[in-house]
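# Structure at a glance
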Amino acid sequence: MSVADLASRLTRRSRSNFYYAFLTLPRPRREALYAVYAFCRTVDDIADLGVDGIADPAAQHAALTVWRRDIARCYEAGEQPVHPIARQLAAGVRAYGIPREALEAIIDGVEMDVEGAAFETAEELYPYCYRVASAVGLCCIEIFGYSDPRARQYAVDLGQALQLTNILRDVGADARGGRVYLPREDLRAFGVTVDGLRAGRYDDAFVALMAHGAARAREFYRRAEDSFPRADARSLVPARIMGAIYASLLDEIEARRFRVFGDRITVPTRRKVAIALRCWAGARLRSPRRRAA
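Report follows, based on the coordinates. Not measured: the values here are computed from a predicted model.

### Overview of the overall build of the chain
- When helices and strands are tallied, the chain shows 14 helices and zero strands.
- Starting at the N terminus and walking to the C terminus, you meet the elements of the chain as α-α-α-α-α-α-α-α-α-α-α-α-α-α.
- Rg of the C-alpha trace for the chain: 19 Å, near the compact-globule value of 19 Å for 293 residues, within the 12% margin.
- Oriented by its inertia axes, the alpha-carbon framework of the chain measures out at about 55 × 50 × 30 Å.
- Across the 293 residues in the chain, those meeting the buried criterion constitute 52%.
- Residue pairs in contact within the chain that sit at least 24 positions apart in sequence constitute 71% of those at least 6 positions apart.
- The chain carries 44 positive and 37 negative side-chain charges, and their two centres are separated by 9 Å.

### Concerning the pattern of salt bridges
- Enumeration according to the criterion identifies 21 salt bridges in this entry.
- Here Asp108 and Arg68 are joined by a salt bridge, their closest N and O atoms 2.5 Å apart. Of this pair, Asp108 sits in helix H6 (residues 100–114) while Arg68 is found in helix H4 (residues 57–75), placing the two residues 40 residues apart along the sequence.
- Owing to a relative accessible area of 28%, Asp108 belongs among the partly exposed residues under this scheme.

### Focus: the packing of helix H3 (residues 27–49) against helix H7 (residues 122–144)
- Where H3 contacts H7, the axes come no closer than 9 Å and their chain directions differ by 165°. The orientation of H3 with respect to H7, classified from their angle, is roughly antiparallel. Here H3 and H7 pass one another in a crossing that is right-handed. Of the residues in H7, those in contact with Arg29, Ala32, Leu33, Val36 and Cys40 of H3 are Val136, Cys139, Cys140, Ile143 and Phe144.

The rules behind these values
- Residues numbered from 1 in each chain as written.
- Predicted model: local features only at pLDDT ≥ 70, side-chain atom pairs only at ≥ 80, totals over all residues.
- Heavy atoms only, no water.
- Helix = DSSP H or I, 4+ residues; strand = E, 2+ residues; numbered from the N terminus.
- Rg over C-alpha atoms; globule rule 2.2 N^0.38 Å.
- Buried < 20%, exposed > 50% of the residue type's maximum accessible area, 1.4 Å probe, protein only.
- Contact = heavy atoms within 4.5 Å.
- Lys, Arg positive; Asp, Glu negative; His and termini not counted.
- Charge placed at Lys NZ, Arg CZ, Asp CG, Glu CD.
- Salt bridge = Lys/Arg side-chain N within 4 Å of Asp/Glu carboxyl O.
- Axes fitted to C-alpha atoms, helices over the stretch in contact; angles between N-to-C directions.
- Parallel < 35°, antiparallel > 145°, perpendicular 65-115°, else oblique.
- Left-handed = near helix turned anticlockwise from the far one by under 90°.

Shape descriptors only; they carry no functional weight alone.
Laid out in structure tokens, this is it:
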């Protein structure tokens, strides 16, 4: 079984929102996306699961250093990455020009998690969101293809929106795991404590805090919409699908009045498929016929 097939199975098993976006792509681009996704999942697991199941920061940093070397090999003539996922990623680099700085930024974001980063302000949080989400988008749009350079700003803004949505959904589980991504100044402003998040304390103060965070995420969805390059509507359909699914997730979180301390809130599969079909059909109907970049 190829690495691409393994990555595809990993994506399906995880029920990732990425999977429904990838379905619209031709196979070569889809395989490159699977390699990016598998890379992200693998390095993220170093922070979440540790090395050999042990959360030892020194070992985790060492493992990430090994990945940095493999990423470097993807761009060096005559070099062959060691990890099979990195070898598949190298094929995507050659075919689609996936930017090295974006892959390295993803590792930087994972290292922030290993170090237990906390954020005093939203302005401090945004660079983290860039590394763990916007950088992924910058890899993806090279594979999708685009002609308008505004696509890069679109990827950055959409990545921020998606990660802020993730933070709201997972705030309870993250807090119990020792990570609180919500800015500390927001916690103080709304009278919510880290201990309260760990305990799953649901009250009016928590609802107000989450509504404030949801408004921040909505602002980035709006920015992404404003920067979306209409000329590239067809090639960027997968990104549109991702944005629409996550916006629907935020709708669901708000509809439940931010009751996120119980079962993990998700978008039903049927709705994800409907969103994917709607985005695909909309791009074909509204944009002129052209070949993807």
